[in-house]
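# Residue-level structural notes
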Amino acid sequence: ILAIWHQLTKTEIPELTRVSVMMRERSRVEDTMYAMQKAGAGSLQVISDFDMTLTKFAHKGKRVPTTHNILNNRLLIDDDSTVKMKKLFNTYYPIEIDASLNPEEKLPYMVEWWTKVHDLLIQQRIRKDELARAVRDSNAVLREGCSAFFDCLAEQRVPLLIFSAGVGDILEEVIRQNHVFHPNVHIISNYMDFDHTGVLQAFKGQLIHSYNKRAGALSHGATLRELHGQPNVLLLGDSLGDLSMADGVSTAQNILTVGFLNDQVEERKESFLNSFDIVLLRDETMDVPNAILRFIV
Ligand code: TMP
Ligand code: MG
């Protein structure tokens, strides 16, 4: 029977046989997918990271900007600050993805990075009414097939929680400009707080960085409670820190995790394989998540 099942996934989901797809335990993936298929769309929710998960890592040979990096624009901040922000990125991003450090070791550096960047942005008195233009002028681009992913979830009324350590206001603008900000989309992120004249004065709530998503998931219980009727979770991320995004779902029955391994691929392959059910190597598309979705719903 198992052989027939394996055959089934091979014919029904040819995307999973690509060389860019790796699985530590194929049988676990298949069992989970069949259980999710049996329960159907009504039992499913999707929890996804944003930067470099729903957006591409690189496009036409150039790095795609994260929501923070979209703000690193001369329209919004002065020349001195753009240089500073770039320097901070070059200092801290390598730490974020360093395979030789564990999350606890990275955590203080991440807090430092986010705090410095947010302080800088506040100092620059960014205006709310200029954000849309900054997004339009940027090279932000969703993964190929991402619109189909959003549209399918909306059609099937599957809730999509986007859990991002990026900037919520920018994230919303990116998905709005891509016409995929559907009513089933919920967002947990760092939101800007503007004064009455529309000038950035602070960031709201507790800071979310790439390695404290567990705390965020637990403290946003109210938002997550809307998703409590959906015990099956498809989780997408590009960082080991993203795996804790589903920690607030206390009623989870089946969780299938997909990790986009974009950068430092050889160095991080082993840890990704040990942590995510499915690992996608340098894959700039949503082909695999779309195929999984087609199979389940
Ligand atoms: P994510 O949770 O949506 O992936 O967003 C966090 C990403 O943003 C993470 O990979 C680090 C990145 N980042 C920047 O690119 N620039 C910055 O200034 C900061 C603070 C984070
Ligand atoms: Mg990310």
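Residues numbered from 1 in each chain as written. Chains lettered and ligands numbered in written order. Predicted model: local features only at pLDDT ≥ 70, side-chain atom pairs only at ≥ 80, totals over all residues. Heavy atoms only, no water.

### Structural notes on the site of ligand 1
Rule in force here: Working definition: residue near molecule or strand if any one of its non-hydrogen atoms lies within 4 Å of it. Any pair of nitrogen or oxygen atoms within 3.5 Å is treated as a polar contact; in protein, a donor-acceptor pairing is required on top of that, and neighbouring residues in sequence qualify only through side-chain atoms on both sides. Computed by Shrake-Rupley with a 1.4 Å probe, the accessible areas treat only the displayed protein chains as cover when residues are assessed. Classification convention: Asp, Glu, Lys, Arg as charged; Ala, Val, Leu, Ile, Met, Phe, Trp, Tyr, Cys, Pro as nonpolar; all other residues, Gly among them, as polar.
Taken together, 16 residues lie near ligand 1, and Asp49, Asp51, Thr66, Ser164 and Ala165 sit nearest. Here a nitrogen atom of ligand 1 and a side-chain polar atom of asparagine 69 are 3.3 Å apart. In this structure, glycine 166 approaches ligand 1 through a main-chain N or O atom, which is 3.4 Å from an oxygen atom. Coverage of ligand 1 by the protein chains reaches 98% of its 490 Å² of free accessible surface. For the shell around ligand 1, a count of residues per class yields 7 nonpolar, 5 polar and 4 charged.

### Quick word on the coordination of the magnesium ion (ligand 2)
In plain terms, the rule: Each metal site lists N, O and S donors within 2.8 Å (3.2 Å for Na, K and Ca). With water left out of the atoms, a site can look as if it is missing ligands. Strands are runs of DSSP state E lasting at least two residues, helices are runs of H or I lasting at least four, and both sets are numbered from the N terminus onward. Accessibility here uses a 1.4 Å probe with only protein chains present; expressed as a share of the type maximum, an area under 20% marks a residue as buried, one over 50% as exposed, and anything in between as partly exposed.
Looking at the magnesium ion (ligand 2), the protein donor atoms are Asp49 (OD), Asp51 (O) and Asp238 (OD), and they sit 2.1 to 2.2 Å from it. Donor residues for the magnesium ion (ligand 2), ordered by position in the chain, follow D-x1-D-x186-D. Here aspartate 49, found in the loop between strand 2 (44–48) and strand 3 (58–59), pairs with aspartate 238, found in the loop between strand 9 (232–237) and strand 10 (254–261); they are 189 residues apart in sequence, far enough to count as distant. Looking at aspartate 49, the relative accessible area reads 5%, which means it is buried. The class of aspartate 238 is buried, set by a relative accessible area of 12%.

### Details of helix 8 (residues 168–177)
The following threshold applies: Contacts: residue pairs with any heavy atoms within 4.5 Å of one another.
Summarising burial for helix 8: 7 of the 10 residues are buried, a large majority. Of all the residues in helix 8, the buried ones are Gly168, Asp169, Ile170, Leu171, Glu173, Val174 and Ile175. For helix 8, the secondary structure elements touched by its buried residues are helix 3 (67–71), helix 6 (131–137), helix 7 (146–155), strand 5 (160–167), strand 6 (185–190) and strand 7 (192–194). Histidine 179, located one to two residues past helix 8, shows a positive phi value of around 60°.

### Things to note about the packing of aromatic side chains
Selection rule: The aromatic pairing rule takes the rings of Phe, Tyr and Trp, using the six-membered ring of Trp, and pairs them if the centres are within 6.5 Å, calling planes under 30 degrees apart stacked, those over 60 edge-to-face and the rest tilted.
Applying the stated criterion to the full structure yields 6 aromatic pairs. On the basis of an interplanar angle of 85° and a centroid distance of 5.3 Å, the ring pair of tyrosine 34 and phenylalanine 295 is categorised as edge-to-face. One end of the pair, tyrosine 34, is in helix 2 (residues 26–39); the other, phenylalanine 295, is in helix 12 (residues 287–296), with 261 residues separating them in the sequence. When its relative accessible area of 7% is taken as the criterion, phenylalanine 295 is described as buried.

### Focus on the side chain of asparagine 262
Along the chain, the position of asparagine 262 falls in the loop between strand 10 and helix 11 (265–275). Here methionine 52 takes part through its backbone oxygen, which lies 3.1 Å from a polar atom of the side chain of asparagine 262. At 3.3 Å, the side chain of asparagine 262 forms a polar contact with the side chain of arginine 143.

### Regarding the confidence of the model for the chain
Note the following rule: Every residue carries a pLDDT, the predictor's confidence in it, which falls somewhere between 0 and 100.
Across the chain, pLDDT averages 95, with 96% of residues at or above 70. Both confidence scores are given for the complex: pTM 0.96, ipTM 0.98.

### Digging into the nonpolar core
The condition is simple: In this text, buried Ala, Val, Leu, Ile, Met, Phe, Trp, Tyr and Cys residues form a nonpolar core when linked through side-chain atoms within 4.5 Å.
The biggest cluster of nonpolar side chains holds 94 residues, and the ones touching the most others in it are Leu121, Ile162 and Ile278. In contact with isoleucine 162, not counting residues within four places along its chain, are Ser48, Asp49, Phe50, Leu54, Phe150, Leu171, Ile175, Val185, His186, Ile187 and Ile188.

### Quick notes on the packing of helix 4 (residues 79–96) against helix 5 (residues 103–123)
Inclusion rule: To obtain an axis, a line is fitted to C-alpha atoms, over the contacting stretch when the element is a helix, and the angle between two such axes runs from 0 to 180 degrees between their N-to-C directions. By definition in this entry, angles of less than 35 degrees are roughly parallel, angles greater than 145 are roughly antiparallel, angles of 65 to 115 are roughly perpendicular, and the rest are oblique. What makes a crossing left-handed is the near helix being turned counterclockwise from the far one by less than a right angle; a clockwise turn instead makes it right-handed.
Relative orientation of the contacting elements helix 4 and helix 5 amounts to 165°, with a least axis distance of 10 Å. For the element pair helix 4 / helix 5, the angle class is roughly antiparallel. Taken as a pair, helix 4 and helix 5 cross one another with a handedness that is left-handed. Between helix 4 and helix 5, the contacting residues are Ser81, Lys84, Met85, Leu88, Phe89, Tyr92, Tyr93, Ile95 and Glu96 on the first element and Lys106, Tyr109, Met110, Glu112, Trp113, Lys116, Val117, Leu120 and Leu121 on the second. Tallied by class, the residues present in the contact of helix 4 with helix 5 amount to 12 nonpolar, 1 polar and 5 charged.

### Re the environment of isoleucine 296
Here isoleucine 296 lies in helix 12. Owing to a relative accessible area of 3%, isoleucine 296 belongs among the buried residues under this scheme. Put simply, isoleucine 296 and tyrosine 34 are 262 residues apart on the chain and 7.6 Å apart in space, counted from C-alpha to C-alpha.

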